[in-house]
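These are the residues of each chain, in order.
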Amino acid sequence: MLRLYTNDACLLHQPGPSHPESPARLRAILQALDHHRFTQVERIDAGPADDEQLLRVHGPAQLARIRAAASESESRGTTVSLDADTMLGRGSLDAALCAAGAVVAAVDAILRGECRRAFCAVRPPGHHATPNEPMGFCLFNNIAIGAAHALIKHQVERVAILDFDVHHGNGTQDYVAREPRAIYLSSHQSPLYPGSGKLDAPPNVFNAPLPPGSDGRALRDAWTLHLLPHLETFRPQILLVSAGFDAHRLDPLADLNLDDADYAWLGTEIAATADRLCRGRVVSVLEGGYSLSALARAVPAYLTPQLVD
Ligand SMILES: [Zn+2]
């Protein structure tokens, strides 16, 4: 059965009134999941990640920088900018710690056999945060922290990270490039922020850049022909999915043209792949997606195929 990992602390991250990464995104998703098909989904309010879990991915200087910015925000009562579009306000540190903690808790539950699928409805997102730098709305790399937890705490030998957010997960690629027990598969628009994600990549990274204007056909071909086949040879023991919904045609930040049915297709293919290769184990983690109406439809479309157990 599918489990939902979230925490109300994730609603307290306020990057600013006109910032697209708003608490309304998470509210829209949670309201949509209240739909009758998800009433049987168990909700878990996960606690914060601890330093040991964070330091498996991030350098101590990065933690110190984020904690100092959080203190500054607290004392000044304003948001603090870490870069041009990455803001930290009073509730941001707790939100970021609980976002990473949700992924850790979901990995624990799945590897203990308590459930086979989990969705982490969390923010801020994570896949742009590198081992040494917060960036692109992201403070900690939630999915990389989950991967490191599976590899180190649970001594899993092979973890696959799949990423269908419209932006390339440069931070996740940086983590995986130095972790031979993981592979990273990503479809994304190119050119687009952050400018990484070209075909020329580290040996355990497989990128499928899509030109602006690409539709669901192009995305399905990318996954079917170029990305998913790598899982057959790698034989992962768990799939971690950076589930961003900003490749939707309604999204204001990018120019791909996916529709709800394409997210249902992704959910179906990923679930079937996990069933075949790794006992159905899938942890999906919210990344981007900035159209509230697209989120309210595409997230349930993606998760519905994962309800089947
Ligand atoms: Zn994105």
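Here's what I pulled together on the structure shown here. If you're wondering where the values come from, they're calculated on a predicted model, not measured in any experiment.

**Here we look at helix α4 (residues 92-111)**
Moving on, step 1. Between its first and last C-alpha atoms α4 spans 29 Å; for 20 residues at 1.5 Å apiece the expected length is 28 Å, and the two agree.
Moving on, step 2. Most of α4 is tucked away: 18 of the 20 residues are buried.
Moving on, step 3. Phi for Gly 113, located one or two positions after α4, is positive at around 80 degrees.

**Details of the nonpolar core**
Moving on, step 1. In terms of nonpolar packing, the biggest core is built from 102 residues, with Phe 119, Leu 162, Phe 164, Trp 223, Phe 245, Val 283 and Tyr 302 touching the most fellow members.
Moving on, step 2. When residues of this core are assigned to their parent elements, the largest contribution, 14 residues, is made by α4.
Moving on, step 3. Contact partners of Trp 223, with chain neighbours within four places excluded, come to Leu 162, Asp 163, Phe 164, Leu 185, Ser 187, Leu 228, Pro 229, Trp 265 and Leu 266.

**Notes on the packing of aromatic side chains**
Moving on, step 1. Summed over all chains, the structure comprises 6 aromatic pairs.
Moving on, step 2. When the centroid spacing of 5.8 Å and the interplanar angle of 85 degrees are considered together, the rings of Phe 137 and Tyr 290 count as edge-to-face. Note that Phe 137 is positioned in the loop between β5 (117-120) and α5 (142-152) and Tyr 290 in the loop between β10 (282-286) and α10 (292-303), a separation of 153 residues in sequence. Tyr 290 shares its class with Phe 137; the two are buried.
Moving on, step 3. With a centroid separation of 5.1 Å and an interplanar angle of 40 degrees, the aromatic rings of Phe 245 and Tyr 263 are classed as tilted. Highlighted residues: Phe 245 in the loop between β9 (238-243) and α9 (260-277) and Tyr 263 in helix α9, separated in sequence by 18 residues.
Moving on, step 4. With a relative accessible area of 1%, Phe 245 lands in the buried category.
Moving on, step 5. Among the aromatic residues, those joined into a cluster by ring pairs are Phe 164, Phe 245, Tyr 263 and Tyr 302.

**Side note on the coordination of the zinc ion**
Moving on, step 1. Here the zinc ion is held by the protein donor atoms Asp 165 (OD), Asp 165 (OD), His 167 (ND1) and Asp 246 (OD), which lie 2.0 to 2.8 Å from it.
Moving on, step 2. Considering all 4 donor atoms around the zinc ion, angles at the metal cover 51 to 153 degrees and the coordination shape is irregular.
Moving on, step 3. Each donor residue of the zinc ion lies on the same chain, and together they follow the pattern D-x1-H-x78-D. Comparing Asp 165 with His 167, the two get one shared label, buried.

**A few points about the pattern of salt bridges**
Moving on, step 1. Counting across every chain of the model gives 18 salt bridges.
Moving on, step 2. For Arg 43, the salt bridge is made with Asp 8, and the minimal N-O distance between the two is 3.1 Å. One end of the pair, Arg 43, is in strand β2 (residues 42-45); the other, Asp 8, is in the loop between β1 (2-6) and α1 (23-33), with 35 residues separating them in the sequence.
Moving on, step 3. Relative accessible area serves as the criterion here: at 37%, Arg 43 is assigned to the partly exposed category.
Moving on, step 4. Within this structure, Arg 3, Glu 42 and Glu 114 form a network of salt bridges that share partners.

**Here's the deal with the side chain of Thr 6**
Moving on, step 1. Its location among the elements puts Thr 6 in strand β1.
Moving on, step 2. A residue is classified by how much of its surface remains accessible, and Thr 6, at 1% relative accessible area, is buried.
Moving on, step 3. In this structure the side chain of Thr 6 is engaged in a polar contact, spanning 2.7 Å, whose partner is the backbone oxygen of Ala 121.
Moving on, step 4. Thr 6 has contacts with Leu 26, Leu 30, Arg 43, Ile 44, Asp 45, Ala 46 and Ala 121, leaving out every residue within four places of it along the chain.

**A closer look at the sheet that holds β10**
Moving on, step 1. With respect to topology, 8 strands assemble into an open sheet ordered β2-β1-β5-β10-β9-β6-β7-β8, the strand pairing being parallel. This sheet does not close on itself; its edge strands, each paired only once, are β2 and β8 (205-210). Between one strand axis and the next, the sheet turns through 15 degrees on average, direction left out of account.
Moving on, step 2. Sheet topology places β1 next to β5; 4 bridges connect them, and they run parallel.

**A few points about the environment of Gln 189**
Moving on, step 1. Checked against the element boundaries, Gln 189 lands in strand β7 (residues 182-189).
Moving on, step 2. Considered as a pair, Gln 189 and Leu 277 are 88 residues apart in the sequence and their alpha carbons are 28 Å apart.
Moving on, step 3. Not counting chain neighbours up to four residues away, the residues in contact with Gln 189 comprise Val 166, Leu 210, Pro 212, Ala 254, Asp 255 and Leu 256.
Moving on, step 4. Within the structure, Gln 189 has its side chain in polar contact with the backbone oxygen of Pro 191 (distance 3.5 Å).
Moving on, step 5. Polar contacts involving the side chain of Gln 189 include one to the main-chain amide nitrogen of Asp 255, which spans 2.7 Å.

**Some words on unusual backbone geometry**
Moving on, step 1. Following Arg 123, the chain continues to Pro 124 via a peptide bond in cis, the omega torsion being 5 degrees.
Moving on, step 2. By the secondary structure assignment, Pro 124 is in the loop between β5 and α5.
Moving on, step 3. Residue Pro 191 follows Ser 190 across a cis peptide bond; omega there is 5 degrees.
Moving on, step 4. Take Pro 191: it is sitting in the loop between β7 and β8.
Moving on, step 5. The phi dihedral of Gln 155 is positive, around 55 degrees, even though this residue is not glycine.
Moving on, step 6. Phi at Arg 279 is positive, roughly 55 degrees, even though this residue is not glycine.

Basis of the calculations
Residues numbered from 1 in each chain as written. Predicted model: local features only at pLDDT ≥ 70, side-chain atom pairs only at ≥ 80, totals over all residues. Heavy atoms only, no water. Helix = DSSP H or I, 4+ residues; strand = E, 2+ residues; numbered from the N terminus. Expected span 1.5 Å × (residues − 1). Buried < 20%, exposed > 50% of the residue type's maximum accessible area, 1.4 Å probe, protein only. Core = buried A, V, L, I, M, F, W, Y, C linked by side-chain atoms within 4.5 Å. Contact = heavy atoms within 4.5 Å. Phe/Tyr/Trp six-rings, centres within 6.5 Å; stacked < 30°, edge-to-face > 60°. Donors = N, O, S within 2.8 Å, 3.2 Å for Na, K, Ca; no water. Tetrahedral: all angles 85-135°; square planar, octahedral: opposite > 155°, others 65-115°. Salt bridge = Lys/Arg side-chain N within 4 Å of Asp/Glu carboxyl O. Polar contact = N/O pair within 3.5 Å; in protein donor to acceptor, adjacent residues only side chain to side chain. Pairing = 2+ DSSP bridges. Axes fitted to C-alpha atoms, helices over the stretch in contact; angles between N-to-C directions.

Such coordinate-based values are descriptive only and should not be taken to indicate function.
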